[in-house]
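# A structural walkthrough
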Amino acid sequence: MSYKKIVFIFIIGIILLGIIGCNSGCNKKFAFSKANCKIKSGEEITFFIASDPHHLSKKTYDHGSTFQWFLNSGDGKLLHYTDEILDAFTMEIEERKPDILIIPGDLTCNGEKESHLEMAEKLTNIQELGVQVFVMPGNHDIKNPWARYYFGDEMIKIDSITKEEFEEIYRPFGYNDAVSRDKNSLSYLAAPSKDVWLLMLDTSKYRRNHVRTAPEMGGEVPTKTFNWIKECADLAKENDAQIIAVMHHSLLDHNEVINENFTIENSQEVVDLLLSCDIQIVLTGHIHVQDIKYYEKNNKRIYDIATSCIMVYPNQYGVLRFIPDKGFDYFTRKVDVYAWVWEKNMDDKNLNNFRKYSKEFFRKTTYNKYYDSLLEISKFSDEEMKAISNTVAELNLKFFAGYRNRLIHEALDTEGFVILQNSAPFSIRNYVMSMFDDQKTDNNKVFIPLKVD
């Protein structure tokens, strides 16, 4: 073979290797669409944040023994009233007229298709009121092996929706108008206004749920998504827009004891990434506790604002107001279910006394949960277990509502707290003691000033 032929073959080989390598390993060019901002620059913006609605279609259950067991063995979610609470919330949206509604995951109870379709219908009604709606999946929403029908004394396993079905059902609520889409997840970048953009991050790990007996509870931001996040931040800066990040799982630990499977597994990496992108605010859910945490590094601060579950006492949602040239003002507001019941002239004793009913339902569920846990430990008398369970139930009412002030310190003199204080460390004692160590006394409000360059 001649020297020229050898050189020619060598060059062709190099070119082919380059093509193969580029197709398999090179980063593709950042793809984005022109931002179609509906809110002009310089205008105030009001965001509502409804976390973890966990909607359960009434088509999936009756009020037989299996559903009652499922309802009462849960974590205090009013699953038998999700329709009513969401409709009351919609009426409140119509009256208060926010610009944007954000739902950071767990739109459904366990990913039932009927629940997803009904949820999308409710969001359509909200969007028709002139409110922009943006959603993100949670750990309950996709390929959930817990999806069931509850009829009589039977639990019937059903299919949950796929990732592709989620995207199709919720296409009008963020995906259609996305400025950019991540190729490795259901994350997307939205530009609802000229001044504030939303980085909607898919942190749920549902890919292997089809081979599991329970949904993957923990979460992460895929490392393959990091470059896309940086490119989204760069694009926002080019357009003089602030970015708010939204994810289902916690970015920071909201409790020193209860954090595994709640805080994303690669928390520090993502914190460093978001700080490098000058992102100050992350809106989260999942943990169902109203809590605000922040992290500082190199004179930069990032806030993780966890809004409590709208289906759990005190049934509240977050309000975030963007005030141009000043900053972001966050506070919570309780859904006025009674006003909706009065408007509809409904005859339901639970709904007509909703705040009291919701509080007692959550208290009773919490009491039973901790009493059963103490029963398994078998180290306390029945009277002691009742006293401890009463204390934890009362503490949870305040803790989940976001209060770490004198209200929570009322428990210090209770019989249950004294028993725990004098006990050797164990999970329930550790959890209770952790409630008294917090950055804020009231986690229902915070003002975050705009970062000055």
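Relevant structure appears above.
Calculation rules
- Residues numbered from 1 in each chain as written.
- Predicted model: local features only at pLDDT ≥ 70, side-chain atom pairs only at ≥ 80, totals over all residues.
- Heavy atoms only, no water.
- Disulfide = S-S within 2.5 Å.
- Buried < 20%, exposed > 50% of the residue type's maximum accessible area, 1.4 Å probe, protein only.
- Helix = DSSP H or I, 4+ residues; strand = E, 2+ residues; numbered from the N terminus.
- Expected span 1.5 Å × (residues − 1).
- 1 Å grid on protein atoms, 1.4 Å probe; cavity = no way out; pocket = protein on both sides within 12 Å on 5 of 7 lines; lining within 4 Å.
- Points joined across faces, edges and corners; volume = space filled by probe spheres on them.
- Nonpolar A, V, L, I, M, F, W, Y, C, P; charged D, E, K, R; others polar.
- Patch = residues over 30% accessible without salt bridge, like charges linked within 9 Å, V, L, I, M, F, W, Y side chains within 5 Å.
- Areas by Shrake-Rupley, 256 points an atom, 1.4 Å probe, with all protein chains shown as cover.
- Salt bridge = Lys/Arg side-chain N within 4 Å of Asp/Glu carboxyl O.
- Lys, Arg positive; Asp, Glu negative; His and termini not counted.
- Charge placed at Lys NZ, Arg CZ, Asp CG, Glu CD.
- Pairing = 2+ DSSP bridges.
- Contact = heavy atoms within 4.5 Å.
- Axes fitted to C-alpha atoms, helices over the stretch in contact; angles between N-to-C directions.

### Here's the deal with the state of the cysteines
Such a bond, covalent and formed between the sulfur atoms of two cysteines, is termed a disulfide. Summed over all chains, the structure comprises zero disulfides. Here Cys109 stays free of any disulfide, with the sulfur of Cys309 as its closest cysteine sulfur at 10 Å. Judged by relative accessible area, Cys109 falls into the buried class, the value being 3%. Given the relative accessible area of 0%, Cys309 is considered buried.

### What to know about helix α3 (residues 82-96)
Spanning 15 residues, α3 covers 21 Å between terminal C-alpha atoms, matching the ideal 21 Å at 1.5 Å per step. The buried fraction of α3 is high, at 11 of 15 residues. Of all the residues in α3, the buried ones are Thr82, Asp83, Glu84, Ile85, Leu86, Ala88, Phe89, Thr90, Met91, Glu92 and Ile93. Following α3 by one or two positions, Lys97 adopts a phi angle in the positive range, close to 55 degrees.

### What to know about empty space enclosed by the protein
All chains considered together, the criterion is met by two cavities of 30 Å³ or more. Roughly 50 Å³ of volume is contained in the largest cavity. Taken together, Ala50, Pro53, Leu86, Phe89, Thr90, Leu101, Ile103, Met119, Lys122, Leu123, Ile126 and Ile310 form the lining of the largest cavity. Where the lining of the largest cavity is concerned, the elements lending two or more residues are α3, β2 (100-103) and α4 (113-127). The biggest single contributor to the lining of the largest cavity is α4, with four residues. Residues belonging to the lining of the largest cavity are distributed by class as follows: 10 nonpolar, one polar and one charged. Counted as a void, the second largest cavity has a volume near 40 Å³. Take the lining of the second largest cavity: its biggest share by element is three residues, from strand β9 (residues 242-247).

### Overview of a negative patch on the surface
The grouping of Glu94, Glu95, Asp336 and Glu343 at the surface amounts to a negative patch. In this fold, Glu94 is placed in helix α3.

### Remarks on the sheet that holds strand β12 (residues 300-306)
Sheet architecture is open: seven strands sit in the order β6-β7-β8-β9-β10-β12-β11, paired in mixed fashion. Across the chains shown, the open sheet's two edge strands, defined by having one partner strand only, are β6 (180-181) and β11 (291-297). The sheet contact formed by β11 and β12 spans seven bridges and is antiparallel. Across the sheet, the residue bridging to Asp291 is Ala306, located in β12. Lying on the sheet, helix α7 (residues 226-238) is in contact with β6, β7 (188-190), β8 (196-201) and β9; it crosses β8 at an angle near 175 degrees. Packed onto the sheet, helix α8 (residues 267-276) meets β10 (281-284), β11 and β12 and runs at close to 120 degrees relative to β12.

### Comments concerning the pattern of salt bridges
Applying the stated criterion to the full structure yields 25 salt bridges. The shortest N-O distance in the salt bridge between Asp382 and Lys386 comes to 3.2 Å. Of the two residues, Asp382 and Lys386 are both situated in helix α12 (residues 382-401); the distance of four residues between them amounts to about one turn of the helix. According to the relative accessible area criterion, Asp382 is partly exposed, its value standing at 32%. Residues Arg404 and Asp438 are paired through a salt bridge, measuring 3.2 Å at the closest nitrogen-oxygen approach. Residue Arg404 is located in the loop between α12 and α13 (406-409), and its partner Asp438 is located in the loop between α15 (427-434) and β15 (445-449); the two are separated by 34 residues in the primary sequence. Overlapping salt bridges bring together Glu167, Glu168, Arg171 and Arg181 as one network.

### Observations regarding the sheet that holds strand β3 (residues 132-135)
Taken in spatial order, the six strands make up an open sheet running β3-β2-β1-β13-β14-β15, and their pairing is mixed. Single-partner strands in this sheet number two, and they are β3 and β15. Averaged over all adjacent pairs, the angle separating strand axes in this sheet is 20 degrees, with direction ignored. With five bridges joining them, strand β14 (residues 327-334) and β15 adopt antiparallel strand pairing. Along β15, the bridge assignment pairs Tyr330 with Val446. With respect to the sheet, α4 is in contact with β2 and β3, its orientation differing from that of β3 by roughly 150 degrees.

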